[in-house]
Amino acid sequence: MKLKLFKQKIKFLIPLLFMLASVVMMAQSQKTITGKVLSADDNMPLPGASVVVKGTTNGASTDFDGNFTLSVANSATTLTVSYLGYKTKEVAITSGSLTILLATDASALDEIVVVGYGTQKKSDITGSVSKVEMENAIAIPTTNISEMIRGQAAGVQVNLVSARPGGTSDIVIRGRNSIRGGNQPLVVLDGFPIENINDVNPDDITSIEVLKDASAQAIYGARASNGVILITTKKGKDAKVRVSLNSYTTVQKLAKNFDLYSAEEFVKLRREAVRTTNPVVNGVQAYSDDTVNFSSATEYAAFIAGNFVNWEDEVLRTGLINSHTLSVSGGSENTKVFSSANYFDQKGLIPTSGYKRGSFRLNLNQKINDKASIEANLNVSTANQKKETTSLDFVTISPLTGPYDTNGNLVKDLAGANASSSSINPLWNIRESDNDIKTNLYNLNLVANYQFAKSFSYKLNTLLSRRFIDEGQYISKLHSQGVTPNGSATVSNTLREEYLIENIFNYTPEINDNNRMDVTFVQSINQRNSSRTTTDATGFGNDVLGYDGISGALSFKTERNEEQYRLSSFLGRIRYTLMDKYLLTLTGRKDGASVFSENNKWGFFPAASFAWQMHKESFLNNVESINELKLRISYGSVGNQSLDPYTTLGVVDNFPYIFGGAIVGGNLPGTVLPNPNLTWETSTTYNIGLDYGLFKNRLRGSAEYYNTKTTDLLTDISLGGNSGFSSMITNGGETKNSGIELLLTGEIIRNNDLKWSVTGVFTKNRNEITKTGIVDVDGLPKDDLGRNRYAGEPINVYRAYVFDGIFQTDEEALGSPQGTLNGTVTPFQNVSTLFAGSIKLKDENNDGVINDDDRVIVKRDPDWFASISSSVQFKGFELLADLYIVEGAKRYNPYLADFNEGGTITSVRNGIVRDYWTPENPSNTAPRPNYAGAPANISVLGITDASYVRLRTLSLSYNLSQSVLGKLNMNAARLYITGSNLFTITDYKSYSPENNAGDFPDTKSITLGVNITL
């Protein structure tokens, strides 16, 4: 029995001894290797380079200074070292510390770029694709992704729509193509379309690409006529878990470049304006007594007491932003996860304005086996935007009237105002109203991948997107727009759902070293459902619940709208490469859209592009100064279905009527005559581009020329009254866009301690309507004056008279083309409005009379726009500066021409300080003030040059050294301070050249932030 027990113990101990011996032998057979990975061009360290023992998965990454430490078996002989943009190198393992130099890859750095339905090496791209430099883009702290893209890609114009918290901007790629439809690009996030680019948390983005020509866009067919923006979010990596925190605080102040009249200057203006209305006695026009000038007793008392008010100080406050993003990334060979949570809170300049958003993202990649894998991308967010319900022209309220009475209580009606639009205290309306927009969103993207063979794969891409918007507005009975004796409310609920199913097949046959090909085929079904219910109610018992008490209101009116849109698509793409020099891409997509009638639902959009990598030819291969020289040519078409659902069928309007003494539901046809023959807008583009890299890629960039013609343009035309309809939509329009784009990056200094690079982006676009949709009796394009469309002119224009100075005498005014002609009054205007100090209009055709023929077309969009950014890195410090330039833009400025903004110089409201005409000051720039009303033709002064140069970003950051990080157990840490919109050089008098009076004021800001990775 004891012998048997001893044998059992021996059987257990022998394997254990072998295991212990193996561990000891392995420990004794391991060695530690240290080294540094540097760029062979300038000996700069390469952080994040991969160092792996050849034939194994044992490896490490270099730190910020290019250093690495790796434990390897004694038998290991070779390391494989790789870094994006550099040639992979195999290095023999030797004793001592290794210094490894990597050479740059001469073929455009082999950077991977996201394109439609896949990725591609930058060197293999044949179409026009711009990659946004994310390091520069994320330097701007914002939820407005559009502003991150501004100036980062040639051909991409960004215009501010709203500066309020949660505001947006317009993106226009290569000019405006459509008249009736929108010009917003298609935004694709991780392979699926999204409605709003600002749904994405900026901290989640890893890359942004812009597809600009037909070859790059055609894979998206009918949705790509205005360009495509591809956004890729971060994914988990096969590495240890990383936890990152990005946190910043921003302080915002009002940005403007104008001065309003001080109280003393405003008093002087009022006296002058009232004087203009006085009769001339013995050649003298005398001033009135101040008891007349300030007819309101309250206003006069404030004037006498000197109780003056600065309305900017009374209404505006300092804006504040707090944003915190916590993300986790990591995984194994089979499972990779990236997850993030963000909280964003912005308090706007105007009380009650604000924006809060919480978002969560989960990106999961799971490998099932060697052939199959799945992906799940989930984005959930909830947001609450608070908006003002009062007019934003408060800064021009008379400085002689204040918001509070002598007891410190808010007053509703301000003293001394002559019109209701001027008399309401903005703080009163802010207090007596609410306007909230609550948004809940989730995007669920599920992807299945299957590798049938080494060269043949399948991908199923699906999307379920759901956005719910709950908007409520309440106006109390005390509000200036309130319903007496009870309040009013509007509540609307909008639901938007989107479904997408795509079957994607990819075939990459192995031909030989000189011939490469990949073929992509996609079948896609996309459906969008939207519904909106709006309820208006009046008659509230009290204001306690606001719009939440709408069910208790006395009177209701509810409207319901529902729409459905479907798009079915088939598309294919072939990419062929010969000898790694000659590249050809052929693309075709067929789309069917539900918005068209039965005979015109389908459109086909083909494209072809060719690229020649000239630097690989024998006659350039040995030229050391040329690292890349690639010529690209493309031609193709994309479509646009800018129609609302049911347009071709015609819609009816609700029209209840009384029948038999009772109200009966009824309907009448709408005002637009249905046109069942409507078809696709088609934009056809020719593009030629040159990509280059010179002097070891110290100088690299691109130059492009494009010409786009859009035919079958959807336009509205007016109909005669006999038809019973006022207008009809046709395909009679046509536009043309052409332009050049330049991108240049120069690495001026590139050594161990100091790096300095400068990037310039330049865009020039010419836009023209070649057909307006209506023709004359000879069938030639005719101007559509009612819709401001003119053949041979851009889409975005003004048509106006030209300011030609100020009349200096009554005789000059009466004797001008605006005065009398052959002893009769011209039909243009009554001569009673002409006197010294009046506005003079230019007689453009020199026919001696001012009439409609003297109006000129003024182009609103800029002649060109550009950006210049500079990055200086010194050890752990980095300084980034970004200038944005717009030249030749024109805008209408209400501050110079509208009553509510003081532009009419009536002295009822305050305004921008101007050199106005008086008998003692015969100015030639602004008319004589007139308390009785606006000067004739004052609108011509509103159209002004909106060119500008702006320092958009100035950011200083510091990355902690590797030695400090090691002591803190951190992987990376970065501290930064960023200034945004610090100064703007422009002649345009407003908060911003893109921000007018009445808009939410633009801001300049200072941000303090930190990025930490554990």
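Parameters at a glance
- Residues numbered from 1 in each chain as written.
- Predicted model: local features only at pLDDT ≥ 70, side-chain atom pairs only at ≥ 80, totals over all residues.
- Heavy atoms only, no water.
- Helix = DSSP H or I, 4+ residues; strand = E, 2+ residues; numbered from the N terminus.
- Buried < 20%, exposed > 50% of the residue type's maximum accessible area, 1.4 Å probe, protein only.
- Contact = heavy atoms within 4.5 Å.
- Salt bridge = Lys/Arg side-chain N within 4 Å of Asp/Glu carboxyl O.
- Patch = residues over 30% accessible without salt bridge, like charges linked within 9 Å, V, L, I, M, F, W, Y side chains within 5 Å.
- Areas by Shrake-Rupley, 256 points an atom, 1.4 Å probe, with all protein chains shown as cover.
- Pairing = 2+ DSSP bridges.
- Phe/Tyr/Trp six-rings, centres within 6.5 Å; stacked < 30°, edge-to-face > 60°.
- Lys NZ or Arg CZ within 6 Å of the ring centre and 35° of its normal.
- Core = buried A, V, L, I, M, F, W, Y, C linked by side-chain atoms within 4.5 Å.
- Polar contact = N/O pair within 3.5 Å; in protein donor to acceptor, adjacent residues only side chain to side chain.
- Axes fitted to C-alpha atoms, helices over the stretch in contact; angles between N-to-C directions.
- Expected span 1.5 Å × (residues − 1).
- pLDDT = per-residue confidence, 0-100.

Considering the environment of Leu956
Within the fold, Leu956 resides in strand β50 (residues 948–959). Residue classification places Leu956 among the partly exposed residues on the basis of a relative accessible area of 41%. A sequence separation of 23 residues divides Leu956 from Gly979, and the C-alpha atoms of the two residues are 9.0 Å apart. Filtering out sequence-adjacent residues up to four positions away, Leu956 remains in contact with Glu878, Leu879, Leu975, Tyr976 and Ile977.

Focus: the pattern of salt bridges
Tallied over the full model, the rule gives 50 salt bridges. Salt-bridge contacts for Asp852 lead to Arg799; the nearest nitrogen and oxygen are separated by 3.0 Å. One end of the pair, Asp852, is in the loop between β44 (839–841) and β45 (856–859); the other, Arg799, is in strand β40 (residues 797–800), with 53 residues separating them in the sequence. Judged by relative accessible area, which is 34%, Asp852 ranks as partly exposed.

Some thoughts on a nonpolar patch on the surface
On the surface, a cluster of nonpolar side chains totalling about 960 Å² of accessible area is made up of Phe874, Phe877, Leu879, Leu954, Leu956, Ile977, Leu982, Phe983, Ile985, Ile1006 and Leu1008. When residues of the nonpolar patch are traced back to their parent elements, those giving at least two are β47 (877–887), β50, β51 (972–986) and β52 (1003–1013). Take the nonpolar patch: its biggest share by element is four residues, from β51. The topology assignment puts Ile977 in strand β51. The class for Ile977 is partly exposed, based on a relative accessible area of 38%.

Observations regarding the pairing of strand β15 (residues 205–211)
Along β15, six of the seven residues are buried, which leaves the element largely enclosed by surrounding structure. Taken together, the three bridges between strand β10 (residues 129–131) and β15 define a ladder with antiparallel strand orientation. Each bridged residue has a counterpart across the sheet, and for Ser130 the counterpart in β15 is Val210. Pairing of β15 with strand β16 (residues 228–233) involves six bridges; the strand directions are antiparallel. Pairing of Val210 across the sheet is with Ile229, part of β16.

Details of the packing of aromatic side chains
Evaluation of the coordinates by the stated rule reveals 17 aromatic pairs. Taking the centre distance of 5.2 Å and the plane angle of 25° together, the rings of Tyr117 and Tyr220 count as stacked. Taken together, the positions of Tyr117 in the loop between β8 (112–115) and β9 (118–121) and Tyr220 in the loop between α4 (214–217) and β16 put the pair 103 residues apart, joining distant regions of the chain. Tyr220 matches Tyr117 in its accessibility class, with the two residues each being buried. An aromatic cluster is defined as three or more aromatic residues linked by ring pairs; in this entry it consists of Tyr450, Phe452, Phe456, Tyr458, Phe505 and Tyr507. Sitting over the ring of Phe258, Lys256 keeps its end group 4.9 Å from the ring centre. A cation over an aromatic ring shows up here: Arg275 above the ring of Tyr287, its NZ or CZ 4.5 Å from the ring centre.

Things to note about the nonpolar core
Judged by nonpolar contacts, the single largest core of 24 residues is most densely connected at Ile149, Val156, Ile171, Ile197, Ile208, Ile229 and Ile231. Looking at this core, the elements that each hand over two or more residues are α2 (134–137), α3 (145–149), β11 (156–160), β12 (169–173), β13 (186–189), β14 (192–194), β15 and β16. If near-sequence neighbours (up to four positions away) are discounted, Ile231 is found in contact with Val187, Val188, Leu189, Asp190, Ile197, Ile205, Ser207 and Ile208. Leu316, Leu349, Ile397 and Phe1000 belong to the second largest nonpolar core, which has 23 residues in total.

Observations regarding the side chain of Asn930
The residue Asn930 is located in the loop between β48 (890–892) and β49 (943–945) in this model. For Asn930, the side chain forms a polar contact with the main-chain nitrogen of Ala932, separated by 2.9 Å. Excluding residues within four positions of it along the chain, Asn930 makes contact with Ala273, Thr276, Thr277, Phe835, Ile905 and Thr906.

Section: the sheet that holds strand β7 (residues 98–102)
Read across the open sheet, the three strands follow the order β4-β1-β7; overall the sheet is mixed. Strand pairing shows two members of the sheet lacking a second neighbour, β4 (67–73) and β7, which therefore form its edges. Between one strand and the next, the sheet's axes are offset by a mean angle of 35°, whatever the strand orientation.

Some details on unusual backbone geometry
Unusually for a residue other than glycine, Lys696 sits at a positive phi of about 55°. Mapped onto the secondary structure, Lys696 falls in the loop between β36 (681–694) and β37 (699–718). The class of Lys696 is partly exposed, set by a relative accessible area of 44%. In this model, Asn697 sits at a positive phi of 60°, which is unusual for a non-glycine residue. Here Asn697 shows up in the loop between β36 and β37. Taking relative accessible area as the criterion, Asn697 reaches 5% and is therefore assigned buried.

Description of helix α5 (residues 263–276)
Compared with an ideal rise of 1.5 Å per residue, which puts 14 residues at 20 Å, α5 spans 20 Å between its outermost C-alpha atoms and is within 8% of the ideal. Here α5 lies mainly inside the structure; 10 of its 14 residues are buried.

Description of the confidence of the model for the protein
Within the protein, residue pLDDT values average 85, and 93% of them lie at 70 or more. Confidence drops under pLDDT 50 across residues 416–421; counting only partners more than four residues distant or on other chains, this segment forms 12 contacts. In this model residues 821–831 is a low-confidence stretch, pLDDT under 50, and it forms 22 contacts with partners more than four residues away in sequence or in other chains.

Quick word on the sheet that holds β16
Ordered by their spatial adjacency, five strands build an open sheet running β10-β15-β16-β13-β14, and the pairing between neighbours is mixed. With one partner strand each, in any of the chains shown, β10 and β14 form the two edges of the open sheet. Looking at each pair of strands side by side, their axes are set apart by 30° on average, direction ignored.

Overview of the environment of Ala137
Following the sequence through the fold, Ala137 ends up in helix α2. Through-space distance from the C-alpha of Ala137 to that of Ile208 is 9.6 Å; in sequence the pair is 71 residues apart. In contact with Ala137, other than residues within four places in its own chain, are Val132, Met148 and Gln152.

Describing the environment of Ser992
Here Ser992 lies in the loop between β51 and β52. In this structure Ser992 comes out as buried when scored by relative accessible area, which is 3%. C-alpha separation for the pair Ser992 and Lys709, spaced 283 residues apart in sequence, amounts to 33 Å. In contact with Ser992, other than residues within four places in its own chain, are Arg950 and Asp1002. Engagement of the side chain of Ser992 in a polar contact is seen with the side chain of Asp1002, the distance being 3.5 Å.

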